[in-house]
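# Structure assessment
As a plain string of letters, each chain reads:
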Amino acid sequence: MYPFGVDYYPEHWPPERWSQDAAMMQAAGMNVVRLAEFAWSRLEPQPDQYDFAWLDAAIEVLNRAGIQVILGTPTASPPPWVMEMHPDAFIVDASGVRRTYGCRREYCPTHAGYRERGRKVTQAMAHHYAEHPGVIGWQTDNEFGDYCYCELCRAAFHDWLMGRYGTLDELNAAWGTVFWSHVYTDWAQIPTPAGTGGVPNPALALDYHRFMSDTYVEFQREQVVILRAASTRQFITHNFMGFAYSKLDYYNLAADLDFVAWDNYPRLGFRMGAGVDPARLALGHDAMRGLKGKNFWLMEEQSGSGGWTTVGTTPRPGEIRLWTWQAIAHGADGMVYFRWRTARHGTEQYWHGVLDHDGRPRRRYREVQAIGHELAAAGERLLGAESYNEVALISDYNSRWAFQIQPNNSALAGPGAPADFVYPALVKHYYDALYAANVGVDVVSADADLSPYKLVIAPALYILPQDVATSLTEFVKTGGLLITTARSGVKDAANAVVDMPLPGLLRDVCGVEVDEYDSLPAGVTVPVTFEGLGAAQPSGPWCDVLEPTTAEVLARYDGEYYQGRAAITVNHYGKGRAIYVGTLAAPELERDIVNYALAEAGIAPVLETPDGVEAVLRCKDNDCLWFLLNHADEPRTVPLPFPALDLLNGRHLEDAVTIAPKDVLVLRQE
């Protein structure tokens, strides 16, 4: 049975309505709901006085309708009495302002008293529901986590630094505190990188990112330990926020969980009127699958217009179904929509769900209901099907944070000004090229095992520890094809610039040295011409002027004072090759590079499709399924290299198939 359902808030509605909601969910093919992640005040109305009667009753109503339950630990939104008990538990933002009560996620993650209250309510819930047959799993908290710069966090940061460096001498050496006479003689002297201190030491700032991420990992781990001790039958997950979110190292946060779930909102309020980029959604799915190298759930999939103070764009007819099947194509083994019924009260009055405020079924309900019927017929074939990809794309949180601290470009930008170069955009450009080619990709960490892949793309590995450089070098040496780019190998693990020619630890495997580099003004590019491989393409905002040592030149600059100098090279190393792209290139150039590399590595697309049609492959027990998704607003015709059965409607297809706008096919070769 494919897990399919909604996020439900019975505490928002009279108990007399619950049976009607359950019946409507059942009629839509739903079999799972998430409950209680924001219900702390109902679960513990007074300190250590727990009330589970109302939740027991709601679960019983849902279970009678064949609907199982995922419970959320409610620590993301405390009752007023918790914060009254611990007034110093409010987050202090980077400007030094302490948050006040009134929203959610306002807690300091290091506060011992708050964490104790979180453990207590988690323990009470775990004890009460561990043996409940209708409760199948847990979600920790909700969408971790904002940074805090309070004095408690500062003291905890000092403890974290002691554990990392051991002595102040080691810290001072790693951070280079001799610069500006910042040599620390007592741990208590070390500040947080709050905005009140101006532009911080990059090493201090990067370590604070790591510290805050580790703090949330430990916060979650306290809950995971409690839940696992109570039951090994129930799964534990968390609702992540996709590739776009960068405050936490999601690889580390995912480590303690059974699987990753995430929240996907293709049409948010701040995207009103804008089209939906299907490659952005696909990257979100692949990045979340890559956190543990296994399939994931959607714990919040958009089902209505989003918005708190404003109303966002409503999903167009067919979009909810298209987004659902795209997620499944990329590895979603569970689908939960946010939310069942739109709230009448509170901040999220305009964050619409499957039902509107009046609770009546309309177009969006009917679309979800149709999806439920499709999954009832085809869902068992989908569960556990894997993505077996030959390409890995490295997404590195340390480099991402380091670029947030020092964006590098534009040369004319002052402190705090927007930069032309943004690390996640560069990663997405390379992903877009693979997406357009219908080539599946695993988004992995910098320390992942690379042996299963033919092609690894590692854009701008700005922070490059020795072990990562060794892994990439060994990958190439044993026959792999590597693409890396400008601004790779620039910094060591402490965020200090290396004292060797760039690309630092990768210069031997890439067979090239950076003679100098140029950070271009906003909007300025330099033509880059491939050696016999087509027309010139524009550079990006950064140009490395390359001096090959053992590499061959693939492309040269056709402008500026470095006209004719190498821009892109390829080097034979061991049994493999390494391509160095000396510019943080424009998307057109990155597409040409990727297509060249795919041909060189012998990697074929899942299927050849026209623009707008995405093709994805998942397999289980030698049974493969081809997903065809038409994101275009017009019909598209796709040639079929084999006779196929469409599992969603039972049609037998040969030669070619025409796919309606926003339609989906799930094909099995006959």
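Now for a quick tour of the structure.

## Description of the overall build of the protein chain
Check the secondary structure of the protein chain and you find 17 helices and 27 strands. The C-alpha radius of gyration of the protein chain comes to 26 Å, within 12% of the 26 Å expected for a compact globule of 670 residues. For the protein chain, the spread of C-alpha atoms along the three principal axes comes to 75 × 75 × 40 Å. Looking at the 670 residues of the protein chain, the share that counts as buried comes to 59%. Of all intrachain contacts in the protein chain linking residues separated by at least 6 positions in sequence, the fraction that spans at least 24 positions is 72%. With an accessible surface of roughly 25400 Å², the protein chain has 52% of that area assigned to carbon and sulfur atoms. Positive and negative side-chain charges in the protein chain, numbering 54 and 83 respectively, have mean positions lying 6 Å apart.

## Side note on the pattern of salt bridges
Tallied over the entire structure, the rule returns 45 salt bridges. Put simply, E300 and R34 hold a salt bridge, and the shortest N to O gap is 3.0 Å. Taken together, the residues E300 in strand β8 (residues 296-302) and R34 in strand β2 (residues 32-35) connect sequence positions 266 residues apart. Accessibility classification places E300 together with R34 in one group, the buried group. The partner of R104 in a salt bridge is E143, and the shortest N-O contact between them spans 3.5 Å. Highlighted residues: R104 in the loop between α4 (80-85) and α5 (112-129) and E143 in the loop between β4 (135-139) and α6 (151-165), separated in sequence by 39 residues. Linked through salt bridges whose partners overlap, the residues forming this network are D7, R34, E37 and E300.

## Let's talk about the sheet that holds strand β27 (residues 664-669)
Each strand in a sheet pairs with its neighbour through backbone hydrogen bonds, running either in the same direction (parallel) or in the opposite one (antiparallel). Sheet architecture is open: five strands sit in the order β21-β22-β27-β24-β25, paired in antiparallel fashion. Each having just a single partner strand, β21 (613-620) and β25 (652-653) make up the two edges of the open sheet. Across three bridges, strand β24 (residues 644-646) lies against β27 in antiparallel orientation. Paired with D646 across the strands is L667, a residue of β27.

## Here's the deal with the packing of aromatic side chains
Overall, the coordinates contain 37 aromatic pairs when judged by the stated rule. One aromatic cluster in this structure is built from W40, Y107, Y114, F144, Y216 and F219. Positioned over the ring face of Y147 is K247, at 6.0 Å from the centre of the ring. Between the NZ or CZ atom of R487 and the centre of the ring of Y517, over which it lies, the distance is 4.9 Å.

## Description of the state of the cysteines
Taken as a whole, this structure holds one disulfide when the rule is applied. Across the disulfide, C619 is cross-linked to C624 (sulfur-sulfur distance 2.1 Å). For the disulfide bridge between C619 and C624, the dihedral angle about the S-S bond is near 105°, and by the sign convention the bridge is right-handed. Judged by its relative accessible area of 11%, C619 falls in the buried class. For C624, a relative accessible area of 22% translates into the label partly exposed. Here C108 is not cross-linked by a disulfide; its sulfur's nearest cysteine counterpart is in C153, at 3.4 Å. The cysteine C148 is free of any disulfide, with C150 supplying the nearest cysteine sulfur at 3.6 Å.

Cut-offs used in this document
- Residues numbered from 1 in each chain as written.
- Predicted model: local features only at pLDDT ≥ 70, side-chain atom pairs only at ≥ 80, totals over all residues.
- Heavy atoms only, no water.
- Helix = DSSP H or I, 4+ residues; strand = E, 2+ residues; numbered from the N terminus.
- Rg over C-alpha atoms; globule rule 2.2 N^0.38 Å.
- Buried < 20%, exposed > 50% of the residue type's maximum accessible area, 1.4 Å probe, protein only.
- Contact = heavy atoms within 4.5 Å.
- Areas by Shrake-Rupley, 256 points an atom, 1.4 Å probe, with all protein chains shown as cover.
- Lys, Arg positive; Asp, Glu negative; His and termini not counted.
- Charge placed at Lys NZ, Arg CZ, Asp CG, Glu CD.
- Salt bridge = Lys/Arg side-chain N within 4 Å of Asp/Glu carboxyl O.
- Pairing = 2+ DSSP bridges.
- Phe/Tyr/Trp six-rings, centres within 6.5 Å; stacked < 30°, edge-to-face > 60°.
- Lys NZ or Arg CZ within 6 Å of the ring centre and 35° of its normal.
- Disulfide = S-S within 2.5 Å.

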